[in-house]
Amino acid sequence: MQAHERISAAIVAANDSGRPGLVPFITAGYPKPADFITTLKAIAAMGDVVELGIPFSDPMADGMTIQRSSFEALRQGVSLKWIFDQLDSASGEIKAPLVMMSYLNPLLAFGYDELADRALAAGVCGFIVPDLPFEESGDFRAALESKGLGLIQLVTPATPEERLRTLCDASRGFVYAVTITGITGGDAGLPADLTDYLDKVASISSLPVCAGFGIRTADDVAAVGKHAAGAIVGSALVEVLEGGDDPQPYLRSLIGQ
Amino acid sequence: MSSLLQADEASALLAAAIRGELPDERGRFGPFGGRYVPETLVPAFERLEAGVREHLHDPRFQAEFRKELHEWVGRPTALTFAPRLSKRWGAEVWLKREDLAHTGAHKINNAIGQAILAKRLGAKRIIAETGAGQHGVASAAACARVGLPCSVYMGSVDMERQAPNVDRMLRLGAEVVAVESGDKTLRAAIDEALRTWVTDPEGIYYLLGSAVGAHPYPYLVRELQSVIGEEARQQMIDLAGGLPDVAFACVGGGSNAIGLFYPLLGDDIELIGVEAGGTGDGLGQNAATLATGTPGVLQGSYTIILQDDDGQVQETHSISAGLDYSGVGPEHALLQATGRVTYISAQDDEALEALEELCASEGILTALETSHAFAAARDYARQHPGARILIGNSGRGDKDMPTLTKYPARIRNHASA
């Protein structure tokens, strides 16, 4: 099984057990770098796939929570190299497939080939790059595919149907369906016409579709879970962590356990 | 940075640039440029690109744009000979007076052009970012002129050092949104404007103020600002009797510099862009992106940026808010890589000194941004006696008074003279 297929398989396995796949997001090294691996293990024990945010100085698609976590992690010296070193040290102890969410520039600076090598060794199965549209992604996609890693495409309510087909076809692991026309961390609730949109993406995609942005509660997860294979929970979880709370009861509550 | 391109590749790209063939259909200036934006904005950028293709060179758009430049902006701006400065420097110094354009800087050329475009594209409202406040003021004025609501995103650090411009924007009917995230300067303001655009990509038109960002902005802004160089070139022939030996412009994002340089690329004129050297050469002490930066992706474009080894974009320092930016327009990155334009820097204190000298010798209070170009031109004149020098005087310095008052003016007594 190629690395990116582990992502799809984990979501499908959750669905087979009668619930939506849960994809928790954390900013690597936040709130405390020293707790990174402990936190990651706790999250990975609950999540089917874990999305790991790589801090960046200019997180232009993110709201205040992820911005805050990103700047604070950077201030405390978190870097991609450091994250890989930490993951290597926990090798074998984290079962859930990992997906890295990073803006493009830290990946460019790291170098695509070395990045793919280290990602594979560290248990990272795929990447989400919010400022890398499909048209610019050729080099990066090739570097990932040579190692069996997936580049997960985002689609949004603003994506025209023809483009939606292109993106669903190009995606690996799952298709990331952005629920809102906006940035991460919204608390305005999920849009009313979400179900039609998610049904449409699901009908086009051969991969599981995971919905993200603005998902905070068990009701949200249940609502998107009827129309998508999985739910991505980011800012709300980061807020639990920055409050110093145990993330497991929160994550358990999201899937009604 | 010329090592980024092979020699034959560099000369082919420069020839293409001079022929007007860049950016290419992918929005690239050679290796630089492109479109690195969130998926939500991709359709908005495609609509903008189609709109630019349809309208920008349409005779009706051009007629309206040129009419507004003439009747509302006050173009053509003057070309001014600087006799006392010429004598002091031992050179022949000419100034392209963008400070005389409406609202006091070259920014208005782009702002009114894009505001007219936004109207044609059916935008409901306009957002803009600003550093020094000049683009914010220009956008506020242009939006009032075309009748669209305008929100300007401005870093809180910049709001403090450019307070008079904040008040001007408010009076011109704009909403000014203080940006408290990131470095609280221009870069954070652009990030925040992009975040806002993502919330309503169909209704909002983003009026970007410099020749930076994702395609088609670097192209669009260059086309709207090229009026500077087109006018200056003809005025030099008419008034100075010939083209200059060298032209100087300050470079932050690089809109006034590309506007001046682009129409001169094919001429035998040395072109020198001057970045902010801040207080020194260390990372974080300056905004000399092209001099000390490396290739990377920032805010939608592959260009030269100030970053650390991990690809984190670095904060900058300059006495001038308008140059205080960690990136630079992708076309400048190409012009540097091809060797056609030389990019150097002037430090804060050199810019201040040049500002004083221009005030005293020609009666022109120039912007702190522009002062960097004067500082570099003076050094050049020392090494090239008699050179005919054209300086892009990109804006007026009135908005810098809060900064300048920290450096008290010399008190003179003329009664005994």
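Computed from a predicted structure; not experimentally measured.

Reading the values: rules and limits
Each chain carries its own residue numbering, running from 1 in the written order of its sequence. Starting at A for chains and at 1 for ligands, labels are handed out in the order in which the entities are written. Local features in this predicted model are restricted to residues of pLDDT 70 or higher, and side-chain atom pairs are both shown and tallied only at a pLDDT of 80 or more, whereas totals for entire chains, interfaces and linings draw on every residue. We count a stretch as a helix when DSSP gives it H or I for four or more residues in a row; a strand needs E for two or more, and each element gets its number in order from the N terminus. Taken over C-alpha atoms, the radius of gyration is set against a globule rule of 2.2 Å times the number of residues to the power 0.38. Here the contact rule is simple: place C-beta atoms from the backbone, and any two residues whose C-beta atoms are within 7 Å are in contact. Here the C-beta atoms are placed from the backbone, and a residue counts as buried if at least 20 other C-beta atoms lie within 10 Å of its own, exposed if 12 or fewer do, and partly exposed otherwise. A pair of strands is labelled paired if DSSP reports no fewer than 2 bridges between them. Call a crossover right-handed when, viewed with both strands pointing away from you, the route from the first strand across the helix to the second goes clockwise. Axes, fitted as lines to C-alpha atoms, cover a helix only where it is in contact. Angles between the N-to-C directions of the axes lie from 0 to 180 degrees. Our angle categories are set so that under 35 degrees counts as roughly parallel, over 145 as roughly antiparallel, 65 to 115 as roughly perpendicular, and the remainder as oblique. Crossing handedness is defined as follows: a turn of the near helix away from the far one that is anticlockwise and smaller than a right angle gives a left-handed crossing, while the clockwise case is right-handed. Ten residue types, Ala, Val, Leu, Ile, Met, Phe, Trp, Tyr, Cys and Pro, are classed as nonpolar, four, Asp, Glu, Lys and Arg, as charged, and the remainder, Gly among them, as polar. Core membership is restricted to buried Ala, Val, Leu, Ile, Met, Phe, Trp, Tyr and Cys residues, and these are joined into a nonpolar core through C-beta atoms within 7 Å. For each domain, the first and last residues come from an automatic or database assignment. How far a helix is expected to stretch is found by multiplying one less than its residue total by 1.5 Å.

Chemist: Honestly, the overall build of chain B in this entry has me stumped. Any pointers?
Modeler: Looking only at helices and strands, one finds 17 helices and 14 strands in chain B. Scaling as 2.2 N^0.38, a compact globule of 417 residues should have a C-alpha radius of gyration of about 22 Å, and chain B matches this with 20 Å. A principal-axis box enclosing the C-alpha atoms of chain B has dimensions of 65 × 50 × 50 Å. For chain B, contacts bridging at least 24 residues in sequence account for 74% of all contacts bridging at least 6.

Chemist: In this structure, what is going on with the pairing of strand β10 (residues 270–278) of chain B? I would like to understand it.
Modeler: In regular strands, side chains alternate between the two faces of the sheet. All names here are of chain B. The element β10 is largely enclosed, with a buried count of eight among its nine residues. Sheet topology places strand β9 (residues 246–250) next to β10; five bridges connect them, and they run parallel. Bridge pairing in β10 places Phe248 opposite Ile272. Of the crossover connections in this fold, the one passing from β9 over helix α12 (residues 255–261) to the parallel β10 is right-handed. Where β10 lies against strand β13 (residues 341–347), seven bridges are found, and the strand directions are parallel. Note that in β13 the partner of Val274 across the bridge is Ile344.

Chemist: It is not clear to me how the packing of helix α3 (residues 59–73) of chain B against helix α5 (residues 107–120) of chain B should be interpreted in this structure. Could you clarify?
Modeler: For any two helices packed against each other, the geometry is given by the interaxial angle and the distance between the axes. All names here are of chain B. Between α3 and α5, whose axes approach to 10 Å, the crossing angle comes to 140 degrees. The angle between α3 and α5 falls in the class oblique. Like other packed secondary-structure pairs, α3 and α5 cross with a definite hand, here right-handed. The residues of α5 that touch α3, namely those facing Phe61, Glu64, Phe65, Glu68, Leu69, Trp72 and Val73, are Ile108, Asn109, Ile112, Gly113, Ile116 and Arg120. Broken down by class, the residue content of the contact of α3 with α5 amounts to eight nonpolar, two polar and three charged.

Chemist: Even after reading the chapter, I still don't get the packing of helix α6 (residues 112–122) of chain A against helix α7 (residues 138–145) of chain A, so can you show me in this structure?
Modeler: All names here are of chain A. Taken N-terminus to C-terminus, the directions of α6 and α7 make an angle of 35 degrees; their axes are 9 Å apart at the nearest point. α7 is crossed by α6, and the crossing has right-handed handedness. The residues of α7 that touch α6, namely those facing Tyr112, Asp113 and Ala116, are Asp139, Phe140, Ala143 and Leu144. Residues belonging to the contact of α6 with α7 are distributed by class as follows: five nonpolar, no polar and two charged.

Chemist: It is not clear to me how the nonpolar core should be interpreted in this structure. Could you clarify?
Modeler: One recurring pattern in soluble globular proteins: nonpolar side chains tend to sit buried together. Within the largest apolar cluster, 226 residues are counted, with the highest numbers of intra-cluster contacts made by Val99, Ala177, Cys210 and Ala231 of chain A. Considering every element that reaches this core, the biggest residue donor is helix α9 (residues 186–199) of chain B, with eight residues. There are two domains that each give this core at least three residues, and those are domain 1 (31–69 + 107–222) and domain 2 (75–104 + 225–404) of chain B. Every residue in contact with Cys210 of chain A, bar those within four places of it in the chain, is listed here: Ile11, Gly21, Val23, Phe174, Tyr176, Ala177, Ala228, Ala229, Gly230, Ala231 and Ile232 of chain A.

Chemist: It is not clear to me how the interface of chain B and chain A should be interpreted in this structure. Could you clarify?
Modeler: The partner chain A presents 31 residues to the 29 residues of chain B that form the contact. In terms of residue count, the dominant contributor to the side of chain B that touches chain A is α9 of chain B (six residues). Of the residues assigned to the side of chain B that touches chain A, the class counts are 11 nonpolar, 10 polar and eight charged.

Chemist: What's the story with the environment of Ser326 of chain B in this structure? I'm lost.
Modeler: All names here are of chain B. Its location among the elements puts Ser326 in the loop between β12 (301–305) and α14 (330–337). Sequence-wise, Ser326 and Leu186 are 140 residues apart; in three dimensions their C-alpha atoms are separated by 9.1 Å. Not counting chain neighbours up to four residues away, the residues in contact with Ser326 comprise Arg187, Thr289, Leu298, Ile305, Leu306, Val313, Gln314 and Thr316.

Chemist: Got a minute to help me understand the domain arrangement of chain B in this structure?
Modeler: Interface size is commonly expressed as the accessible surface area that is lost when the partners come together. Residues and elements named next belong to chain B. Taken domain by domain, chain B comprises domain 1 (31–69 + 107–222) and domain 2 (75–104 + 225–404). Using C-alpha coordinates to define each centre, domain 1 is positioned 22 Å away from domain 2. Across the contact, 38 residues belong to domain 1 and 40 residues belong to domain 2. Every element with two or more residues in the side of domain 1 that touches domain 2 is listed here: β2 (32–33), α5, α6 (134–146), α7 (156–161), α8 (163–171), α9 and α10 (217–225). Looking at the side of domain 1 that touches domain 2 element by element, the count peaks at four residues for α6. Its residues assigned to classes, the side of domain 1 that touches domain 2 shows 19 nonpolar, 13 polar and six charged.

Chemist: Even after reading the chapter, I still don't get α6 of chain B, so can you show me in this structure?
Modeler: Residue and element names in this part refer to chain B. For α6, which comprises 13 residues, the first-to-last C-alpha distance of 18 Å matches the rise-based estimate of 18 Å (1.5 Å per residue) to within 8%. Among the 13 residues that make up α6, 10 are buried, leaving the element largely enclosed by the rest of the structure. Within α6, the full set of buried residues consists of Gln134, His135, Gly136, Val137, Ala138, Ser139, Ala140, Ala141, Ala142 and Cys143. Where α6 is buried, its residues touch α5, β5 (125–130), β6 (150–155) and α8. Directly after α6, the chain includes Gly147, whose backbone phi takes a positive value near 80 degrees.

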